[in-house]
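Residues per chain, in single letters:
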Amino acid sequence: MVLSHAASAGSSDDSVHSTFASRYVRASLPRFRMPENSIPKEAAYQIINDELMLDGNPRLNLASFVTTWMEPECNKLMMDSINKNYVDMDEYPVTTELQNRCVNMIAHLFNAPLGETETAVGVGTVGSSEAIMLAGLAFKRRWQNKMKAAGKPCDKPNIVTGANVQVCWEKFARYFEVELKEVKLSEGYYVMDPEKAVEMVDENTICVAAILGSTLNGEFEDVKMLNDLLVKKNEETGWDTPIHVDAASGGFIAPFLYPELEWDFRLPLVKSINVSGHKYGLVYAGIGWCIWRSKEDLPDELIFHINYLGADQPTFTLNFSKGSSQVIAQYYQLIRLGFEVLLIDFV
Ligand SMILES: Cc1ncc(COP(=O)(O)O)c(C=O)c1O
């Protein structure tokens, strides 16, 4: 739980009872207050290690989409970089370079329209949730800029999704004050119906979000049909409502299993895509990616330029400091498996 609740004083759970005879841990440790005295490192390790045994075993957790095993070589790379703060890009320029390589590899995988010498626009995030917040903010700002330029009100943005969206879309809507217009599901049809979605679009719609791999049943939504219907509606109305694809699960599945399926930047209205590196990107929890179609789709004013750690570094993330290990692990998986083996993994 994010918010912890302290047990009331005098409850039987006030302390952590260890079961060792060592004189250092003869007295129980207070549960919610820092102990008065230190204990030896071996004792601290033993107490925590033994208590953690009561957790489930991640390798046996078949209810998770998230990666629970990686090769020992990659585990070593991760441990070796566990003390690198990703945001300190001047100190760790190679890690930044590896992130940029991942962004470009994933953008190519999603068929971003990049020229030979062009680099992709994207960012590594903590997961798809952060990626979706960033994509949503970019859509909201673009829409606001457009409405302001047209002298129209821009205080009632909305976003159209299926009712099957993952909770992060509801979070985005609530945290960033965007109305969530959900297309209801119907008996036997458990994803967003593109026709109904396009009917719900109005001038205040910042984007329609389609899911590639619904959290509830894994089903891909029909992004091509959504794109075609929306192109038509945009022509009729003069709006330019874009599409975001939440490919948290499907982004590392569809390019390998269904290369002919058009769901990505091959469709002109798809302006951004997120994918969870920690799901079928095969990295432990803590990495996602957001890729934009082009620079024009990411308003410049959302990018912060930090310089107090060295040279000017542009960033677009919700937090500041974070670990580097997951970025390095993602790069490992991409070069270790390559397109060929990632494909075999999924067949
Ligand atoms: C479709 C979809 N979008 C977003 C998310 C959130 O992903 P993350 O856990 O990477 O933040 C999930 C997670 O299950 C998901 O299935």
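Residues numbered from 1 in each chain as written. Predicted model: local features only at pLDDT ≥ 70, side-chain atom pairs only at ≥ 80, totals over all residues. Heavy atoms only, no water.

The chain appears in an unreviewed UniProt entry as Glutamate decarboxylase from Aegilops tauschii subsp. strangulata. If you open the UniProt record of the chain and go to Sequence similarities (unreviewed entry), you find "Belongs to the group II decarboxylase family." (UniProt positions renumbered as here; feature names shortened; annotations may be inferred.)

**Q** Lay out the overall build of the chain in plain terms, naming residues and giving numbers.
**A** Looking only at helices and strands, the chain features nine helices and 11 strands. Each of the 347 residues in the chain was classed as buried or not, and the buried ones make up 44%. The contacts of the chain with a sequence gap of at least 6 include a subset with a gap of at least 24, amounting to 67%. With an accessible surface of roughly 19200 Å², the chain has 55% of that area assigned to carbon and sulfur atoms. (Helix = DSSP H or I, 4+ residues; strand = E, 2+ residues; numbered from the N terminus. Buried < 20%, exposed > 50% of the residue type's maximum accessible area, 1.4 Å probe, protein only. Contact = heavy atoms within 4.5 Å. Areas by Shrake-Rupley, 256 points an atom, 1.4 Å probe, with all protein chains shown as cover.)

**Q** So, the nonpolar core: which residues are in play, and what are the values?
**A** Core analysis: the biggest nonpolar cluster contains 50 residues, and Phe110, Val223, Val245 and Trp263 have the highest contact counts within it. Among residues more than four places away in sequence, those in contact with Val245 are Ala210, Leu212, Val223, Trp263, Val270, Ser272, Ile273 and Asn274. Within the second largest apolar cluster, 28 residues are counted, among which are Cys154, Trp169, Ile206 and Leu302. (Core = buried A, V, L, I, M, F, W, Y, C linked by side-chain atoms within 4.5 Å.)

**Q** Describe the domain arrangement of the chain, naming the residues involved and giving the relevant values.
**A** Taken as a whole, the chain is organised into domain 1 (15-55) and domain 2 (76-346). For domain 1 and domain 2, the distance between their C-alpha centres works out to 43 Å. (Domains from an automatic or database assignment.)

**Q** Quick rundown of the pairing of strand β7 (residues 243-246)? Include the residues and the values.
**A** Residues Ile243 and Val245 point to one face of β7 and His244 and Asp246 to the other, with burial holding for every one of them. Where strand β6 (residues 205-211) lies against β7, four bridges are found, and the strand directions are parallel. Note that in β7 the partner of Ala210 across the bridge is Val245. Handedness of the β6-helix α7 (residues 223-237)-β7 crossover: right-handed. (Pairing = 2+ DSSP bridges. Right-handed = clockwise from strand over helix to strand, strands pointing away.)

**Q** Lay out the site of the ligand with the relevant residues and their values.
**A** Lining the immediate surroundings of the ligand are 15 residues, of which Ser128, Ser129, Asp246, His278 and Lys279 lie closest. Here an oxygen atom of the ligand and a backbone polar atom of Ser128 are 2.8 Å apart. Here Lys279 contributes a side-chain N or O atom positioned 3.0 Å from an oxygen atom of the ligand. Relative to its unbound accessible area of 390 Å², the ligand is 87% covered by the protein chains. Of the residues contributing to the shell around the ligand, the split by class is five nonpolar, eight polar and two charged. (Near = heavy atom within 4 Å. Polar contact = N/O pair within 3.5 Å; in protein donor to acceptor, adjacent residues only side chain to side chain. Nonpolar A, V, L, I, M, F, W, Y, C, P; charged D, E, K, R; others polar.)

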